[in-house]
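Secondary and tertiary structure notes
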Number of protein chains: 2
Amino acid sequence: MSARCTIALDAMGGDNAPQMVLDGIARIHARHPHARFRLFGDQARLRPQLDASPELRAVCEIVHTDEVITNDDKPSQALRKGRQSSMRLAIDAVAEGEADGVVSAGNTGALMAMSKVVLRTLPGIDRPAIASAFPTERGETVVLDLGANIDCGAEHLVQFAVMGANFAHSVLGRARPLVGLLNVGVEEMKGNEKVKAAAETLRAATDLAFDFHGFVEGDDIAKGTVDVVVTDGFTGNVALKASEGVARLMTTFLRISFRRSLMSKLGYLLARPALNAFRERLDPRYYNGGVFLGLKGVVVKSHGGTDAVGFAAALEIAIDMVRDRVIERIAVDFQRFAESVSPDPQPAPVTP
Amino acid sequence: MSARCTIALDAMGGDNAPQMVLDGIARIHARHPHARFRLFGDQARLRPQLDASPELRAVCEIVHTDEVITNDDKPSQALRKGRQSSMRLAIDAVAEGEADGVVSAGNTGALMAMSKVVLRTLPGIDRPAIASAFPTERGETVVLDLGANIDCGAEHLVQFAVMGANFAHSVLGRARPLVGLLNVGVEEMKGNEKVKAAAETLRAATDLAFDFHGFVEGDDIAKGTVDVVVTDGFTGNVALKASEGVARLMTTFLRISFRRSLMSKLGYLLARPALNAFRERLDPRYYNGGVFLGLKGVVVKSHGGTDAVGFAAALEIAIDMVRDRVIERIAVDFQRFAESVSPDPQPAPVTP
């Protein structure tokens, strides 16, 4: 099942651009025969590669621009001066209906600022959130917000729950996702006022497209206790990076251990295929793609340092989201949710 | 260098008490010949073991009580009804000068509540924090607060920095610890108002017994970028548990990988000594001991499910803290710090 869709690409964003962008498309286009790609960037660097590959040429189109947003550009600078940049033109393509979604491995702050200004947020959503899938004991779990909203209130956590559930539906294929609120304990009385108030709203809501599990703790992310873990951008960002740090530390310690003796080196050689499978299972490239949820358009941020494998993963997330109409689904859910939690509108008083 | 000290033990707290308490003492008493232990608990269960071991009998003294705080007791219940409990009597021993510190593997909330009421906080410190050491690429890093203070302001983060630095001094042996504030980015403009204000105070302070590094991110914990990572109890608790979750996930995936084939099983056998070293390096038992800092007394909370190895680690933390006079050091630092950040007291206006 692969509906026709067009993805706009910031072909110049990322440390290995545009090579990893083209190689990323090459990795997946056979699996998504109806997907088309509009590449915004330097045609002098893009054209020769397309000319050399009839397969790529058949699914890609180049829109030339010389301008590029760098990682040093502040979001405000990017907004003011980057109107002809590859990133901005790719976002514009979504706003103008020429593309169904955009993928960029460029400057995160600039991509968020431009997406907010150009695409705007959906009705009922104050701020976009960044979501991503994490590997767990039971498959994958979506966590949001990962850093877009440093200070946020209970109402934002509730919005993240609705958005995250829809993302889990499309990307993880969960029919009715289970959503948990990240806290320091699972009992109702635990936590700060913000998470308590958000939990109360979610418990009281009657017409949700997901099941609210209640509170979860930090280790529930890796356990896969729920499909979606909701938290503010400060805590989510720290949890994400602390997890990455521990994963790297353990990999380093493991490598050092195998080098300890001749026997352990031999053991490593024998177990290598198994250890490669272990590494692949946690390979961050397969979890590449921070999705900006809450906008009127699909926006996927690939890690800046990724390669073709990682960029391909980000492309597939965008294609899945378009195919599953995530944006329309979030909008509908929000409408329904707003009606379920608001009291019936009072009839206007009749003035004599 | 091992000064005389007495540690009061809640001998009945923890899943494996009192056995792991006695076995824990047996593991370390030879390394700390001048340490003495006052065991509060059921003498019918403690006495036979002491009678069987002349070595233990020489360093232990039993103070009998039948009462025990269970894990189901709320802190308020424990305060009201637990005055004769093994936990409470052990804390009382510190308050009355009969012991230099207390170690318990019992109910965390009850231990914190009783410690606050009985021992009280040091002048200038509003709330105790829970600190613990984490394994890192460069040794160990102290992180606090791990969950005692869910909502806290900039002034509390500053207090945690002073307390954490003293703990790192005594337990990690850092002469002048490097302290970082946990944030979502390292640039000065990043983060919420709370961390920005705390950073400003720490940057402005001139007479600190530690060096302020500035902001650190979640992955800096495992990297060992600084000796002490300061954060609020909500974020710290989530970071700790998320890290534990990832460590468990990777261990599970690794075990599954080694079972994949005959070759990988053989590889495991050859590399087993090396893998045991890897496991030991991350063994949570060696990082057992959440320290309650900011009280007028040394209080160490051992993990409830730990065994003799883990309980011994908690005992050694308490002994190190007593030997290094951490409480007095924190009190002095606080006095000095308070003077360095306050403006000079204004002379009283002379009234004619």
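All values derive from a computational prediction rather than experimental measurement. Here, residues in each chain are numbered from 1, in the same order as that chain's written sequence. For this description, chains carry letters from A and ligands carry numbers from 1, given in the order in which they are written. Since the coordinates come from a predicted model, pLDDT governs what is reported: local features require at least 70, and pairs of side-chain atoms require 80 or more to be given and counted, while whole-chain, interface and lining totals use all residues. Heavy atoms from the whole structure form the basis of all side-chain values; hydrogens and water molecules are not counted.

With that out of the way, let us pick up the overall build of chain A. Note on conventions: DSSP H or I runs of at least 4 residues are helices, E runs of at least 2 residues are strands, and numbering of each starts at the N terminus. Scanning chain A from terminus to terminus reveals 13 helices and 11 strands. Compactness check: chain A gives a C-alpha radius of gyration of 22 Å against a globular reference of 20 Å for 352 residues, within 12% of the reference. Along the first, second and third principal axes, the C-alpha atoms of chain A reach 80 × 55 × 40 Å. The 352 residues of chain A split such that 57% are buried. For chain A, long-range pairs separated by at least 24 residues make up 71% of all intrachain contacts whose partners lie at least 6 apart in sequence. Surface summary for chain A: the accessible area is close to 15,000 Å², and the carbon and sulfur share equals 50%. Of the charged side chains in chain A, 40 are positive and 43 negative; the average position of the first set lies 6 Å away from that of the second. The reference for a compact globule is 2.2 Å times residues^0.38; the radius of gyration itself is calculated from the C-alpha atoms. Note on classification: 1.4 Å probe, protein chains only; a residue is buried when its accessible area is under 20% of the maximum for its type, exposed when over 50%, partly exposed between these limits. The contact criterion used is simple: two residues touch if any of their non-hydrogen atoms lie within 4.5 Å. For every accessible area listed, the method is Shrake-Rupley and the probe measures 1.4 Å; residues are considered covered only by the protein chains on display. His residues and chain termini do not enter the charge count, which takes Lys and Arg as positive and Asp and Glu as negative. A charged residue contributes its charge at one atom only: NZ of Lys, CZ of Arg, CG of Asp or CD of Glu.

Our next topic: the relation of the copies chain B and chain A. A least-squares superposition brings the copies together, and it is based on the C-alpha atoms of residues with pLDDT no lower than 70 in both. The two copies are related by a screw motion: chain B maps onto chain A through a turn of 180° and a shift of 0.0 Å along the axis, at an RMSD of 0.0 Å. Expressed as a symmetry operation, the mapping of one chain copy onto the other fits a two-fold axis. Closest approach to the rotation axis among the C-alpha atoms of chain B is made by G267(B), whose C-alpha sits 1.8 Å away. Most of the interface of chain B is mirrored in chain A, where 98% of its interface residues again form contacts.

Right, let's get into the side chain of D10(B). Residues and elements named next belong to chain B. Checked against the element boundaries, D10 lands in strand β1 (residues 5–10). Salt bridges are absent for the buried D10, whose nearest opposite-charge side chain, K301, sits at 8.7 Å. In protein, a polar contact requires one atom able to donate a hydrogen and another able to accept it; more generally it is a pair of N or O atoms within 3.5 Å, and residues adjacent in sequence count only if both atoms are side-chain atoms. A polar atom in the side chain of D10 sits 2.7 Å from the side chain of S104. D10 has contacts with V21, F40, S86, M87, A90, V103, S104 and G106, leaving out every residue within four places of it along the chain. Every case where a carboxyl oxygen of Asp or Glu lies within 4 Å of a side-chain nitrogen of Lys or Arg is listed as a salt bridge.

Inspection of the secondary structure assignment puts A58(B) in helix α3 (residues 54–59). Measuring from C-alpha to C-alpha, the distance between A58(B) and R36(B) comes to 8.6 Å, with 22 residues separating the pair along the chain.

If a strand is regular, its side chains alternate between the two faces of the sheet. All names here are of chain A. Most of strand β7 (residues 178–182) sits inside the fold, with 4 of its 5 residues counted as buried. What makes two strands pair is DSSP finding at least two bridges between them. In this structure, β7 lies alongside strand β8 (residues 211–216), joined through 5 bridges in parallel fashion. Looking across to β8, one finds that L181 is bridged to F215. Relative to strand β9 (residues 228–230), β7 runs parallel, the two sharing 3 bridges. From the neighbouring strand, G180 faces β9, where its bridge partner is V229.

The next point concerns the interface of chain B and chain A. Contact residues are listed per partner, giving 53 residues for chain B and 52 residues for chain A. Between chain B and chain A, a total of about 4,900 Å² is buried, with carbon and sulfur atoms accounting for 75% of that surface. When residues of chain B are sorted by the area they lose upon contact with chain A, F234(B), M250(B) and F253(B) head the list and together hold 14% of the total. Between the two partners, chain B and chain A, sit 4 salt bridges. The residue E217(B) makes a salt bridge to K241(A) at a minimum N-O spacing of 2.2 Å. Here the buried area means the combined drop in accessible surface, using a 1.4 Å probe, for two parts upon being joined, counting both sides.

The subject of this paragraph is the sheet that holds strand β5 (residues 129–136) of chain A. All names here are of chain A. With mixed pairing, the 11 strands of this open sheet are ordered in space as β3-β2-β1-β4-β11-β10-β5-β6-β9-β7-β8. Of all strands in the sheet, those with a lone pairing partner are β3 (60–64) and β8, marking the two edges. The mean angle between the axes of side-by-side strands here comes to 25°, regardless of whether they run parallel or antiparallel. Pairing of β5 with strand β6 (residues 139–144), which is carried by 6 bridges, proceeds in the antiparallel orientation. Bridge assignment links P135 to a residue of β6, and that residue is E140. Against the sheet, helix α8 (residues 193–204) makes contact with β7 and β8, and its axis sits at roughly 160° relative to β8, the strand it touches most. Running over the sheet, helix α12 (residues 308–323) touches β1 (5–10), β2 (35–41), β4 (101–104), β10 (290–293) and β11 (298–301) and is turned about 140° from β1. Axis definition: a line fitted to C-alpha atoms, limited for helices to the stretch in contact. Angles are taken between N-to-C directions and run from 0 to 180 degrees.

The next thing to look at is unusual backbone geometry. Note that the residue after A17(A), namely P18(A), is joined by a cis bond; omega there is -5°. Here P18(A) shows up in the loop between β1 and α1 (19–28). Omega for the peptide link from L144(B) to D145(B) comes to 0°, which places this bond in the cis form. With respect to the secondary-structure elements, D145(B) resides in the loop between β6 (139–144) and α7 (154–171). A positive phi angle is found at R120(B), which is not glycine, with a value near 65°. With respect to the helices and strands, the residue R120(B) is situated in the loop between α6 (108–119) and β5 (129–136).

Residues and elements named next belong to chain A. For every residue, the predictor states its confidence as a pLDDT score lying anywhere from 0 to 100. Of all residues in chain A, 96% attain a pLDDT of 70 or more, and the chain-wide mean is 90. Note that residues 344–352 has pLDDT below 50 and, in this model, 0 contacts with residues that lie over four places away or in other chains. This prediction of the complex comes with two scores: 0.89 for pTM and 0.87 for ipTM.

Disulfide assignment relies on a single distance test, namely cysteine sulfur atoms paired within 2.5 Å. As enumerated under the stated definition, the model contains 0 disulfides over all chains in all. No disulfide involves C152(A); its sulfur sits 17 Å from that of C152(B), the nearest cysteine. Of the cysteine sulfurs around C60(B), a residue in no disulfide, the closest is that of C5(B), at 12 Å.

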